[in-house]
Structure formats: structure tokens, C-alpha cells
Amino acid sequence: MARPKKLDTPTKEHFVGFWISEELYQIVLTEAKKAGLSQSAYWRSLAANQEIRQQPVLIHNVDAIITELRQINKLGSNLNQIARYFNENGLMTNSLAKELQETLHTLQDSCGRLDRAVEKEYGNS
């Protein structure tokens, strides 16, 4: 099956230019960059009162972040197994309470390391 043809976009026939302050210009540059739009596309979206969405932050291949995410995933699996045990009317034992407490502390530590690694990579924004 053939791919449907793209609709022709309307041609841009008029140029509109105006002066803005340096402060507003920097804001527009920043917001356009966050949205992944050119300045012109950003201004057109504003003029048409369209919703402007920021692009999601892409995670680079940072070993520290990937390692911590894997650790958190494993800890989540452990917590799911413990929850399943309790949902099946399992009894709380001292060894299980200790394992649960250790898992939660490890999860908290791992989340802290992940937070620091993300802050180091992307800054505090």
C-alpha cells in the first residue's frame, strides 16, 4: 500500500518584523530551544495561540545513570515479590522485615546516587 501524500503546507507570503528587548529575545531563544522549534516557528505558534510543548530530555549513554536505573529496577522486582507474598496473606517474619528494610534503604541510596548522576550530567534545572 502506497504511503499517503503529504498535504501541501501554505506558503508564507508576508514578513512581519518588530523590535523586542534583549531580555525578551533571550526568553524566546530559550523557550524555542526547549520546544525544539526555530524562532520563526515558535513565534508563529504563539501568534496562532497554539500549545507549545517542550521536547523531552534525552538521556545520554551515561554509565552511572544506566547502572543506577538497573539497580532500581532490580530493587523494584524484589519489592514486588515481597508485596505478592503479603497479598497472598503471608506473615511478617523478622527475616522478611529485615530484608524489606534493607531493600528500602538500598533503594533510597540508589535513588540518591541516580539524582546526583543526573544532576552532574544535566545540571540542576
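1. Remarks on the overall build of the protein
Each helix and strand in the protein was counted, giving four helices and zero strands. Shown N-terminal to C-terminal, the secondary structure of the protein runs as helices and strands in the order α-α-α-α. Its C-alpha radius of gyration of 25 Å places the protein more than 25% over the 14 Å reference for a compact globule of 125 residues. Overall, the protein is about 75 × 50 × 25 Å in size when its C-alpha atoms are taken along their principal axes. Of all 125 residues assigned to the protein, the portion counted as buried reaches 13%. When contacts within the protein are restricted to residue pairs at least 6 apart in sequence, those whose partners lie at least 24 apart make up 50%. Here the protein carries 15 positive and 15 negative side-chain charges, and the mean point of each set is 7 Å from the other.

2. Concerning the side chain of Ser110
Mapped onto the elements of the fold, Ser110 is located in helix 4 (residues 94–122). Filtering out sequence-adjacent residues up to four positions away, Ser110 remains in contact with Glu68, Gln71, Ile72 and Leu75.

3. Section: the environment of Asn87
Mapped onto the elements, Asn87 comes out in helix 3 (residues 63–87). Judged by its relative accessible area of 63%, Asn87 is exposed. In the structure, Asn87 is positioned 53 residues away from Lys34 in sequence and 44 Å away in space, judged by C-alpha atoms.

4. With respect to helix 4
Taking 1.5 Å as the rise per residue, helix 4 with 29 residues should run 42 Å; its terminal C-alpha atoms sit 42 Å apart, in good agreement. Inspection of helix 4 places Leu96, Thr103, Ser110, Leu114 and Ala117 among the buried residues, and these make up the whole buried set. Looking at the packing, one finds that the buried side of helix 4 touches helix 3. Remark: Gly123 follows helix 4 within two positions and exhibits a positive phi of approximately 90°.

Thresholds applied
Residue numbers here run from 1 along each chain, matching the order of that chain's written sequence. Confidence filtering applies because this is a predicted model: local features only for residues at pLDDT of at least 70, side-chain atom pairs given and counted only at 80 or more, and all residues used for totals across whole chains, interfaces and linings. Side-chain metrics in this entry use all non-hydrogen atoms of the structure; hydrogen atoms and water are not considered. A run of H or I in DSSP becomes a helix once it reaches four residues, and a run of E becomes a strand once it reaches two; helices and strands are each numbered from the N terminus. A radius of gyration in this sense is built from C-alpha atoms; the matching globule rule multiplies 2.2 Å by the number of residues raised to 0.38. When a residue's accessible area, from a 1.4 Å probe over protein chains only, is under 20% of the maximum for its type it is buried; when over 50% it is exposed; and in between it is partly exposed. Here, residues are in contact when the closest pair of their heavy atoms is within 4.5 Å. When charges are tallied, Lys and Arg are placed among the positive residues and Asp and Glu among the negative ones, while His and the ends of the chain are skipped. For this purpose, a charge sits on NZ of Lys, CZ of Arg, CG of Asp or CD of Glu. One less than the residue count of a helix, multiplied by 1.5 Å, gives the span that helix is expected to have.

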